[in-house]
Amino acid sequence: MAESLTNQIVLITGASSGIGAACARQLAATGARLILAARRLEPLQALATEIQQHQSADVLTLVLDVRQPTAVSDAINGLPEAWGAIDILINNAGLSRGLDKQYEAPLDDWEAMIDTNIKGLLYVTRAVVPGMVARGRGHVVNIGSIAGRQTYPGGSVYCASKAAVKSLSEGLTLDLLDTPVRVTNIDPGLVETEFSLVRFGGDADRAKGVYQGMTPLTGDDIADVILFALTRPPHVTVSDLLIMPTDQASVFHVHRRAQ
Ligand code: NDP
Ligand code: 8X3
């Protein structure tokens, strides 16, 4: 039987936009209780208000920078009692910075990507998963990328960070083998979110160009698949998925129509 998500406590990192916000909206409709985490309070609060009003879901917002290990463990350990037993963790917070050559890129960009996409994901996992193991239930969803499977020019460090996510998903699966806790790795292709805007430092025209002439995925497309994985019966693990726009065959092959 499909797993019900009603009253399950879900922590979504990077819930203030894009894929994370889409997951929040879809999970709210299932009756799950949501902890929405990100650095920006305003979009988190706006989303929480929207979800509470339209779906009367139970929502807690958490201003959190996943790059700060002490802040992460304090935030998780300090959750109100009614929210502490996290059933589902969606490790979604992540970003790319620039498209510079490996021998030219600004060091700050590397730090941001490695600290967020690899170390941040690890810090949150380290804070949440012991409770899942102790309670004998839980599901971790890691958001990787097609960029973790194929490296493109100027993408060295972002691609490496997403290859690391894939390894971390595999490692966590192995480490949890003698427990009921499940791990799902999701690798999306091009999804139109704030991702490219962040990558190109707020340059909206350049960001728009990434999706020009093709139909990208939406955050909802990825949330659909995550919901599918989360609702499989307990003996089924959707372990590793690549989700692509129909207009994309690889990081190098995107079908664009003349406009
Ligand atoms: P968005 O930029 O729309 O969302 C990224 C989210 O991550 C935001 O909510 C942002 O919130 C949060 N975030 C960034 N840094 C931190 C941090 N240090 N601490 C906490 N939260 C943080 O992009 P997407 O929705 O597209 O990205 C979500 C995930 O999907 C990322 O891991 C990305 O790498 C991955 N992905 C995206 C693809 C795409 O084409 N868009 C394809 C494949 C994978 P805030 O700024 O408020 O902290
Ligand atoms: C995001 C997809 O191809 O822009 O991870 O890196 S890509």
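Since the model is a prediction, treat every value here as computed from it, not as a measurement.

Looking only at helices and strands, one finds 8 helices and 9 strands in the chain. By the compact-globule yardstick of 18 Å for 259 residues, the chain fits well, its C-alpha radius of gyration being 18 Å. Along the longest, intermediate and shortest principal axes, the C-alpha atoms of the chain span 50 × 35 × 35 Å. Buried residues in the chain amount to 50% of all 259 residues. Taking as baseline every contact in the chain between residues at least 6 positions apart, the subset at least 24 positions apart corresponds to 72%.

Listed in full, the buried residues belonging to helix α3 (residues 69–77) are V72, A75 and I76. The buried residues of α3 occupy one face: seen down the axis, they fall within an arc of 95 degrees. Opposite the packed face of α3, turned more than 90 degrees from it, sit the exposed residues T70 and N77.

Okay, the site of ligand 1 next. As a structural note, the neighbourhood of ligand 1 is formed by 29 residues, with S16, S17, R39, Y158 and T193 the closest of them. With the chains in place, 96% of the 880 Å² that ligand 1 exposes on its own is no longer accessible. Elements supplying a minimum of two residues to the shell around ligand 1: α1 (18–28) and α5 (156–175). Considered class by class, the residues forming the shell around ligand 1 number 12 nonpolar, 11 polar and 6 charged.

Time to look at the sheet that holds strand β2 (residues 33–38). The 7 strands lie next to each other as β3-β2-β1-β4-β5-β6-β7, forming an open sheet whose pairing is parallel. Because the sheet does not close on itself, it has two edges, and the strands there are β3 (59–63) and β7 (240–243). On average, each strand axis in the sheet is inclined to that of its neighbour by 15 degrees, with strand direction left out of account. Pairing of strand β1 (residues 9–13) with strand β4 (residues 88–91) involves 3 bridges; the strand directions are parallel. Its bridge partner being in β4, L11 is matched across the sheet by L89.

So, on to the site of ligand 2. By nearness alone, every residue bordering ligand 2 is listed as S145, A147, Y152, Y158, L190, F195 and R199. Measuring from an oxygen atom of ligand 2, one finds a side-chain N or O atom of Y152 at 2.5 Å. Each residue belonging to the shell around ligand 2 can be placed in one class, and the counts come to 5 nonpolar, 1 polar and 1 charged.

This part is about the pattern of salt bridges. Scanning the model with the defined rule gives 13 salt bridges in all. Among the ionic pairs, D58 bridges to R33, the shortest N-O distance being 3.0 Å. In this pair, D58 sits in the loop between α2 (41–55) and β3 while R33 sits in strand β2, placing the two residues 25 residues apart along the sequence. For D58, a relative accessible area of 37% puts it in the partly exposed group. Accessibility expressed as a relative area gives 15% for R33, which makes it buried. Residues D240 and R149 are paired through a salt bridge, measuring 3.2 Å at the closest nitrogen-oxygen approach. With D240 in strand β7 and R149 in the loop between β5 (139–143) and α5, this pair connects stretches of sequence that are 91 residues apart. For R149, a relative accessible area of 36% translates into the label partly exposed. Put simply, R149, K166, D187 and D240 are held in one network by salt bridges that share partners.

Turning to the nonpolar core, a few remarks are in order. Counting 35 residues, the largest nonpolar core has I12, L27, L34, L36, I51, I90 and I226 as its most contacted members. Among the secondary structure elements, those contributing two or more residues to this core are β1, α1, β2, α2, β4, β5 and α8 (219–230). Broken down by element, the residue count for this core peaks at 7 residues, all from α1. Excluding its chain neighbours within four sequence positions, the residues that come into contact with I12 are G20, C23, A24, L27, I35, L36, A37 and I90. With 25 residues, the next largest nonpolar core counts V72, M132, L172 and V181 among its residues.

Closest axis-to-axis distance for the helix α4 (residues 107–135)/α5 pair is 9 Å, and the angle between their directions is 15 degrees. Judged on the interaxial angle alone, α5 and α4 are roughly parallel. Remark: the crossing between α4 and α5 carries right-handed chirality. Contacts from W110, M113, I114, N117, I118, L121, L122 and T125 in α4 reach V157, Y158, S161, K162, A164, V165, L168 and L172 in α5.

Conventions used here
Residues numbered from 1 in each chain as written. Chains lettered and ligands numbered in written order. Predicted model: local features only at pLDDT ≥ 70, side-chain atom pairs only at ≥ 80, totals over all residues. Heavy atoms only, no water. Helix = DSSP H or I, 4+ residues; strand = E, 2+ residues; numbered from the N terminus. Rg over C-alpha atoms; globule rule 2.2 N^0.38 Å. Buried < 20%, exposed > 50% of the residue type's maximum accessible area, 1.4 Å probe, protein only. Contact = heavy atoms within 4.5 Å. Arc of directions from axis to C-beta. Near = heavy atom within 4 Å. Areas by Shrake-Rupley, 256 points an atom, 1.4 Å probe, with all protein chains shown as cover. Nonpolar A, V, L, I, M, F, W, Y, C, P; charged D, E, K, R; others polar. Pairing = 2+ DSSP bridges. Axes fitted to C-alpha atoms, helices over the stretch in contact; angles between N-to-C directions. Polar contact = N/O pair within 3.5 Å; in protein donor to acceptor, adjacent residues only side chain to side chain. Salt bridge = Lys/Arg side-chain N within 4 Å of Asp/Glu carboxyl O. Core = buried A, V, L, I, M, F, W, Y, C linked by side-chain atoms within 4.5 Å. Parallel < 35°, antiparallel > 145°, perpendicular 65-115°, else oblique. Left-handed = near helix turned anticlockwise from the far one by under 90°.

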